[in-house]
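If you want the building blocks of each chain, they are given just below.
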Amino acid sequence: MRRRKTSSFCSLWLLTVACLLFTAGCSSDVPKDVAVTDEWPQIYPDYIGVTVPADIAPLNFAMLSDSVAAIDVEVKGGRGGSLHANGEYADFNIDDWHHLLAANRGDSLTVTVCARQDGRWTRYRDFTVYVSPDSIGAWGITYRRIAPGYQIFGPMGIYQRCLATFEETALIENQELPTTCVNCHTANRTNPDQYVFHARVDHGGTVISRKGSMEVLQAKNDSLGGAMVYPYWHPDGRYVAFSTNKTSQMFHLSGPKRIEVYDSSSDVFVYDTETHTILMDTLIMKKYCAENTPAFSPDGRWLYFTTARRQIYPTDYDKERYSLCRVSFDAATGRIGEQVDTLISADRIGKSITWPRPSYDGKYIMYTQVDYGYFSIWHPEADLWLLDLETGERRSLDEVNTSRSESFHNWTADSRWFLFTSRREDGLYTRIYFSSIDEQGHATKPFLLPQQHPKHYYRQLLHSYNTPDFTLKPVKTESATVIDLLERSDRTETYVK
């Protein structure tokens, strides 16, 4: 009996000591003897002054410095409500976060940050997060994740991500199809009921999904001289514009550019998904020109594309500059017009235009401008530009551009938000950023795709985000279905008209 009493006493004593130690540990993360500074907190990601939709995932963040042991964060809404987070980083409850944003839609949040470093607490200058009256207008986004390699490819995949939470699911990964490259998932105006993507090398083919059915086209058509790449849907869902490219790459021995991608030849054409016909026209397939990166206007009446005079490759790769052009398109007959209009002349501006993406409301074309060529992801000078289709004026989107590459942009269905990839952090890995645009065409400060523990996540991620786009709803295609189709030897034949 005495042993039991002693044992019980010892257990109780140990439990009491443990509780006291735990309480002491917790209390050390409660701000006390706080010094105040007028400096902004150095946080990662930088969410200071950004504008976000009310349906975005929590903007969790950490202090940029690894020497910060703990932070204490309070978020107050301009119309009421508050949140509190304390610990290694600001980790907000998803439901509470969405309630706070919904209550302050069209207003703002004030964020107070205290940080403990070297045993001392510091309170920083409050910053503001603006809550847009406009929702993001999409369930989520799709993208490819790939290591930024050169001549070989490793594990990669096409994924979708819910923007209201941190949930990511794989649509297809190339580990399921060894020695195969998957890329370029493209939906019709963010609607995943119609999409196209490519598989290259082994099991190569072009996968087209529409009207509840799926087919795999031949990877190449001999009459084209290349594969079907860089797709863009016509709004009626019957036609898809492609380019066909003979792509090469080379490497720089020094300087900020590591790799150069160029095409020894390229053309633009339209594919009819109902008749499996490739519609070719000499206006967009000129012998001494390289046509590229097509895109239909939102009303379907115009086909935009870029074109450059072919150079002597690879010696004159840096003399290749693309102009932005358009030609009319008649969806009733599938005919290309008889005249090409030049919207932006490369000769006149001395720069090169690539990746034109019309806003779905018909107001703008957002494009990437580089010194030469078109494969902008490897060009540090690559910036986003906006062309006003009503006035013809164009301007650099200085609100979102940096000294490193910005590219691969797309719009929400309502044209109020856009996303793009940027290498602004380290010049190596592309990350996804979001910005909204107002009636005058001015963009807000971009914010990084939220993650639950962003500092840890992005430091550990050795993949780049590639060709992102919005999706109105989740893509429902089963990965096993796509893999089964790609593993089969039969392919849908295409015919040239």
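Residues numbered from 1 in each chain as written. Predicted model: local features only at pLDDT ≥ 70, side-chain atom pairs only at ≥ 80, totals over all residues. Heavy atoms only, no water.

### As for the nonpolar core
The biggest cluster of nonpolar side chains holds 87 residues, and the ones touching the most others in it are Phe61, Val73, Phe92, Ile141, Leu303, Phe418 and Phe434. Listed in part, the 19 residues of the second largest apolar core include Cys181, Tyr195, Val216 and Ile483. (Core = buried A, V, L, I, M, F, W, Y, C linked by side-chain atoms within 4.5 Å. Buried < 20%, exposed > 50% of the residue type's maximum accessible area, 1.4 Å probe, protein only.)

### Here we look at the sheet that holds strand E31 (residues 406–411)
On the basis of which strands lie adjacent, the open sheet formed by four strands has the order E31-E32-E33-E34 and antiparallel pairing. Bordering the open sheet on either side are E31 and strand E34 (447–448), each of which pairs with just one other strand. Summarising the sheet, E31 and strand E32 (residues 417–422) pair through four bridges and their orientation is antiparallel. Paired with Glu406 across the strands is Ser422, a residue of E32. (Pairing = 2+ DSSP bridges. Helix = DSSP H or I, 4+ residues; strand = E, 2+ residues; numbered from the N terminus.)

### Description of the sheet that holds strand E10 (residues 140–146)
Within a beta sheet, neighbouring strands are joined by backbone hydrogen bonds and run either parallel or antiparallel to one another. Taken in spatial order, the four strands line up as E12-E11-E10-E35 in an open sheet, and their pairing is antiparallel. With partners counted over all chains shown, the strands left at the sheet margins are strand E12 (168–173) and strand E35 (464–471), one partner each. Going across the sheet, the axis of each strand differs from the next one's by a mean of 25°, ignoring polarity. Inspection of the sheet shows strand E11 (residues 156–162) paired to E12 by five bridges, in the antiparallel sense. Among the inter-strand pairings, Gln160 is bridged to a residue of E12, identified as Thr169. (Axes fitted to C-alpha atoms, helices over the stretch in contact; angles between N-to-C directions.)

### Focus: the packing of aromatic side chains
The tally for this structure, following the rule as stated, stands at 23 aromatic pairs. Note on Phe242 and Phe269: the rings are 5.8 Å apart at their centroids and 20° apart in plane angle, and the pair reads as stacked. Note that Phe242 is positioned in strand E20 (residues 239–251) and Phe269 in strand E21 (residues 259–272), a separation of 27 residues in sequence. Residue class for Phe269 comes out buried when judged on its relative accessible area of 0%. Positioned above the aromatic ring of Tyr159, the side-chain terminus of Arg145 is 4.3 Å from the ring centre. The residue whose ring lies beneath Arg326 is Trp302, and the NZ or CZ to ring-centre distance is 3.7 Å. (Phe/Tyr/Trp six-rings, centres within 6.5 Å; stacked < 30°, edge-to-face > 60°. Lys NZ or Arg CZ within 6 Å of the ring centre and 35° of its normal.)

### Quick notes on the confidence of the model for the chain
Confidence along the chain averages 89 in pLDDT terms, with 92% of residues attaining 70 or more. pLDDT under 50 marks residues 1–28. Its contacts with residues more than four places away, or in other chains, come to two contacts. (pLDDT = per-residue confidence, 0-100. Contact = heavy atoms within 4.5 Å.)

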